[in-house]
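Examination of the molecular architecture
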Amino acid sequence: MADNLKFAVIGGGSWATAIAKMLCVNLPEISWYMRNDAAIEHIKTHKHNPNYLSSVEFDNKKLKLTNDINEAVAYADYIIFAIPSAFLNGELEKLTVSLKDKVIFSAIKGIVPETSLIVGEHFHYKYDIPYYNIGVITGPCHAEEVALERLSYLTIACGDPDKACTVAKNLSSNYIKAKISDDIIGTEYAAMLKNIYSIAAGIAHGLGYGDNFQSVIMSNAIREMKKFIKKVHKMKRNINDSAYLGDLLVTGYSVFSRNRMFGNMIGKGYTVQAAQMEMSMVAEGYYAVKSAYKLNQGYGAKTPIIDAVYAILYEGKEAKAVFKKLTEELD
Ligand SMILES: NC(=O)c1ccc[n+]([C@@H]2O[C@H](COP(=O)([O-])OP(=O)(O)OC[C@H]3O[C@@H](n4cnc5c(N)ncnc54)[C@H](O)[C@@H]3O)[C@@H](O)[C@H]2O)c1
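Reading guide: rules and limits
Residues numbered from 1 in each chain as written. Predicted model: local features only at pLDDT ≥ 70, side-chain atom pairs only at ≥ 80, totals over all residues. Heavy atoms only, no water. Phe/Tyr/Trp six-rings, centres within 6.5 Å; stacked < 30°, edge-to-face > 60°. Helix = DSSP H or I, 4+ residues; strand = E, 2+ residues; numbered from the N terminus. Buried < 20%, exposed > 50% of the residue type's maximum accessible area, 1.4 Å probe, protein only. Lys NZ or Arg CZ within 6 Å of the ring centre and 35° of its normal. Patch = residues over 30% accessible without salt bridge, like charges linked within 9 Å, V, L, I, M, F, W, Y side chains within 5 Å. Areas by Shrake-Rupley, 256 points an atom, 1.4 Å probe, with all protein chains shown as cover. Salt bridge = Lys/Arg side-chain N within 4 Å of Asp/Glu carboxyl O. Lys, Arg positive; Asp, Glu negative; His and termini not counted. Charge placed at Lys NZ, Arg CZ, Asp CG, Glu CD. Domains from an automatic or database assignment. Contact = heavy atoms within 4.5 Å. Buried area = accessible area lost by both parts, 1.4 Å probe. Axes fitted to C-alpha atoms, helices over the stretch in contact; angles between N-to-C directions. Parallel < 35°, antiparallel > 145°, perpendicular 65-115°, else oblique. Nonpolar A, V, L, I, M, F, W, Y, C, P; charged D, E, K, R; others polar. Near = heavy atom within 4 Å. Polar contact = N/O pair within 3.5 Å; in protein donor to acceptor, adjacent residues only side chain to side chain. Pairing = 2+ DSSP bridges. Right-handed = clockwise from strand over helix to strand, strands pointing away.

1. Side note on the packing of aromatic side chains
This structure, assessed with the given rule, holds 14 aromatic pairs. Taking 5.0 Å as the distance between ring centres and 20° as the angle between the ring planes, the aromatic pair formed by Phe7 and Tyr78 counts as stacked. On the criterion of sequence distance, the pair formed by Phe7 in strand β1 (residues 7-10) and Tyr78 in strand β4 (residues 78-81) is long-range, its members being 71 residues apart. Classification of Phe7 by relative accessible area gives buried; the value is 1%. If you follow Lys6 out to its NZ or CZ, it ends over the ring of Tyr75, 5.5 Å from the centre.

And the structure:
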């Protein structure tokens, strides 16, 4: 494993801030790109991101902050993307520096709306990055708990195990345990699908279903996820591992999950537009369900929860009636 590898973090939100914090434990310097000039100036002066995880204090000597994505990409050997999937394509269109020979890790959970691809596939097909230079960082892990240094587990997947180990080593600390996986496709699909199941959990809550039914949704969701991922990429995997089941549970049960919050509003009768306006951003599962539903037309896996969420969000079906039918299909 080569020493002195350089890392860049792309994004100025909560997860990017958490990743920058984790890397700074192990590295003498990182490049950190964010769009917001005021946030950059604030971090330089006050050592804290003013907008996200503002309790985290940075050692400024370690940060090469920039509002130019090209500067960050040119600097780094390893680039970690941590912006919401809805904005990834727009950010990548600013690139004039080549991604060739760069190792790209996605910490993003979702579908790129413009291409309907998961992030690894987007880099592979649109930017011609070979899979041995693409990796995924997945949870179960909330940025807020990283800020508090509460023990958290990460799974780092890459086609090249040495690169997975490099990233795992540089993210690890006394509060972060990072294990590696070779299931680069499955872990990314799991991260995308769990957002849909989290919307389903939210809709159920908004409709007035309780914890008993929530546990039925979650146990059906993990079986549905297993069937779906098996169709997309068949390999030996334990769906009960933290990267799949753990990530599903932390999102499905968390009151902080944006996808669950979005579902909750839909269950309470908000329109999609009204829920989006109230949250002032789009929950990633909203895009994910459209792609997952369409993909599954070809795969034919039995996915009643995905079908129900799709029917409500994209076919204008009434949530109450769709969930009544769903309750007959779950066990
Ligand atoms: N927050 C977490 O705990 C967590 C954990 C694991 C994975 N993730 C994933 O990380 C990704 C980022 O999530 P987050 O929680 O950091 O989001 P966030 O809401 O905290 O941050 C939003 C980020 O998007 C940027 N942004 C907003 N509008 C933009 C635009 N038009 N163009 C470009 N950038 C724009 C903001 O500057 C900011 O950097 C998501 O895919 C999420 O699923 C988050």
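2. Let's talk about a positive patch on the surface
Where like charges cluster on the molecular surface, the positive patch consists of Lys226, Lys230, Lys231 and Lys234. If you trace the backbone, Lys230 turns up in helix α9 (residues 211-232). On the basis of relative accessible area, Lys230 is assigned to the partly exposed category, the value being 48%.

3. Re the domain arrangement of the protein chain
Split by domain assignment, the protein chain resolves into domain 1 (7-182) and domain 2 (186-329). The gap between the C-alpha centroids of domain 1 and domain 2 is 25 Å. Between domain 1 and domain 2, the residue contacts involve 26 residues of the former and 21 residues of the latter. With both sides pooled, the region where domain 1 packs onto domain 2 buries about 1900 Å², and carbon together with sulfur makes up 61% of that total. Seen at the junction of domain 1 and domain 2, the total is two salt bridges.

4. Notes on the packing of helix α14 (residues 304-314) against helix α15 (residues 319-329)
Two numbers describe how α14 lies on α15: the axes approach to 10 Å, and their chain directions differ by 170°. When the axes of α14 and α15 are compared, the pair comes out roughly antiparallel. Two secondary-structure elements touch here, α14 through Pro304, Ile305, Ala308, Ala311 and Ile312 and α15 through Ala319, Val322, Phe323, Leu326 and Glu329. Here the contact of α14 with α15 is composed, by residue class, of nine nonpolar, no polar and one charged.

5. Observations regarding the site of the ligand
What surrounds the ligand is a group of 21 residues, the closest being Gly12, Ser14, Trp15, Ala143 and Glu284. Between the ligand and Gly13 there is a distance of 2.9 Å, counted from an oxygen atom to a backbone nitrogen or oxygen. Between the ligand and Lys109 there is a distance of 3.0 Å, counted from an oxygen atom to a backbone nitrogen or oxygen. Across the complex, the protein chains shield 83% of the 820 Å² of accessible surface that the ligand would expose by itself. Secondary-structure elements contributing two or more residues to the shell around the ligand are α1 (14-26) and α4 (85-92). Residues belonging to the shell around the ligand are distributed by class as follows: 11 nonpolar, five polar and five charged. Residues from two domains meet in the shell around the ligand; each of domain 1 (7-182) and domain 2 (186-329) gives at least three.

6. Quick look at the sheet that holds strand β10 (residues 176-181)
Strand order in this open sheet of eight strands is β3-β2-β1-β4-β5-β8-β9-β10, and the pairing throughout is mixed. The outermost strands of the open sheet, each flanked by one partner alone, are β3 (63-66) and β10. Recorded for the sheet is a direction-independent mean angle of 20° between the axes of neighbouring strands. Pairing analysis gives three bridges linking strand β5 (residues 103-106) to strand β8 (residues 134-138), with the strands arranged parallel. Pairing of Ile104 across the sheet is with Ile134, part of β8. Its contacts with the sheet put helix α5 (residues 119-127) on β4, β5 and β8, and the angle it makes with β8 is roughly 165°. With respect to the sheet, helix α7 (residues 161-171) is in contact with β1, β4, β5, β8, β9 (152-158) and β10, its orientation differing from that of β9 by roughly 155°.

7. Things to note about the pairing of strand β2 (residues 30-33)
Burial along β2 is two-sided: Ile30 and Trp32 and Ser31 and Tyr33, pointing in opposite directions, are all buried. Alignment of β1 against β2, held across three bridges, turns out to be parallel. Bridge assignment links Ile10 to a residue of β2, and that residue is Tyr33. You can see the chain leave β1, run along α1 and come back into β2, and the turn it takes is right-handed. As paired elements, β2 and β3 share four bridges and run parallel to each other. By the bridge assignment, Tyr33 is partnered in β3 with Thr66. Taking the sense of rotation as the criterion, the β-α-β connection linking β2, helix α2 (residues 37-46) and β3 turns out right-handed.

8. Some words on the pattern of salt bridges
Overall, the coordinates contain 13 salt bridges when judged by the stated rule. Taking the shortest distance from any N to any O, the salt bridge between Asp160 and Lys163 comes out at 3.3 Å. Both residues of the pair, Asp160 and Lys163, count as buried. Its salt-bridge partner being Lys317, residue Glu315 comes within 3.3 Å of it at the nearest N-O pair. The partly exposed category is assigned to Glu315, whose relative accessible area is 40%.

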